[in-house]
Amino acid sequence: MISIGLAALAPSTGPAMHIPDGFLSAPVSIAGWVVAVVAVAFAARRAERQMNDRAVPLMGVMAAFVFATQMMNFPVAGGTSGHLLGGALVAILLGPWAAMIVMAAVIGLQAVLFQDGGLVALGANITNMGVVTVAIGYLGFRLLSPLTRGNAGYMLAAGIAAWLSVVVSSVLCAIELGVSGTSPLSVALPAMAGLHVLIGLGEAAITAAALSFIRVTSPGLLVPSVVPPESAS
Amino acid sequence: MTQTSHRKLILTGIVLAIVIAAASAFLASGSPDGLERVAEDHGFIERAQGAWYSALPDYTVPGLGDGAASTIAAGAVGVLAVTAVSIGAGALIRRRSRNL
């Protein structure tokens, strides 16, 4: 019994896994890089016109939070774990353009410093976890939040958007594996989507909890730190 | 927002993140994650190629072993690195926007 207790507390040596090199074919890897580079370059241009002073330190804080929280794998069904992706959370707080830059910085450094995710596959990892999650999370939240009311409604909209962002991201990853010939789509798609429907619940809970925490401790941060395009001078 | 409150915000974020990273050394699930599980179950995990170099592999610092201290140190390095790069990128974009 004691040994089981200690084993549960033992440091984990099997951390998160982003797509390693070898899983994606050359064309899929190149397509991933093209989408990632175009999206991040476009995001940088758009952020130029929309960022205020407060957005810069917040970008650092959100990068730190996403990086650290991605290390915290939580168990899901059947001896599998998941971790926060964070794209939806950062997009809701910083707007989509600054969020894509933050996510690309985190995923890029995970590959370069920690060998988490391959360097050839880095473009696809940024596309899946840094571009798609931000786009789906942001759009989902913007569409859903006007339909909801109050604190609970806000959290619900954020949670649903976060869940959807993870599921869509996993579907895209499955398509990349299928097109690469690594795993047939008929196998990869249900397997990836099935697990990420569950992992997405963790994403939803952490996203809603983090927003709730910020709402209580520093509500000023929830005022968008990016100026909406129409009111930018 | 003043320069001081910016600094306080960044410092708070770094401390919180390092606490989370440190806690992950003890609390994180060691089970394979979603993609790893699918790759194991459906027989393509062996296609994974390691990197041609390793800096802080598996979120550990070489020389510190693979215990909690190693994970905490690697996590702290990562937190500082992602914070610096993101603030750097943000500041660069912000400076360009001032020059528009």
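Below or above, wherever it landed, is the structure these notes cover.

Rules and cut-offs
Residues numbered from 1 in each chain as written. Chains lettered and ligands numbered in written order. Predicted model: local features only at pLDDT ≥ 70, side-chain atom pairs only at ≥ 80, totals over all residues. Axes fitted to C-alpha atoms, helices over the stretch in contact; angles between N-to-C directions. Helix = DSSP H or I, 4+ residues; strand = E, 2+ residues; numbered from the N terminus. Parallel < 35°, antiparallel > 145°, perpendicular 65-115°, else oblique. Left-handed = near helix turned anticlockwise from the far one by under 90°. Contact = placed C-beta atoms within 7 Å. Nonpolar A, V, L, I, M, F, W, Y, C, P; charged D, E, K, R; others polar. Expected span 1.5 Å × (residues − 1).

Glancing now at the packing of helix α1 (residues 3-27) of chain B against helix α3 (residues 68-98) of chain B. All names here are of chain B. Close contact between α1 and α3 brings their axes to 8 Å; oriented N to C, the two are set at 150 degrees. As the angle between them shows, α1 and α3 are arranged roughly antiparallel. Classified by chirality, the crossing of α3 by α1 is right-handed. Here I10, I14, A17, I18, A21, A22, S24, A25 and F26 of α1 come into contact with α3, specifically with A68, T71, I72, G75, A76, V79, L80 and T83.

This part covers the environment of A:I92. Relative to the assigned elements, A:I92 resides in helix α4 (residues 87-94). Expressed as a C-alpha distance, the spacing of A:I92 and A:G140, which sit 48 residues apart in the sequence, is 9.8 Å.

Turning to the interface of chain B and chain A, a few remarks are in order. Listed per partner, the contact involves 59 residues of chain B and 64 residues of chain A. With 18 residues, α3(B) is the single largest residue contributor to the side of chain B that touches chain A. Class assignment for the residues of the side of chain B that touches chain A results in 32 nonpolar, 18 polar and nine charged.

Moving on, we come to helix α7 (residues 150-179) of chain A. Look at α7(A): 44 Å from first C-alpha to last across 30 residues, which is about the 44 Å you get at 1.5 Å a residue. Downstream of α7(A) by one or two residues, A:G181 has phi in the positive range, about 80 degrees.

By themselves, these figures tell us nothing about what the structure is for.
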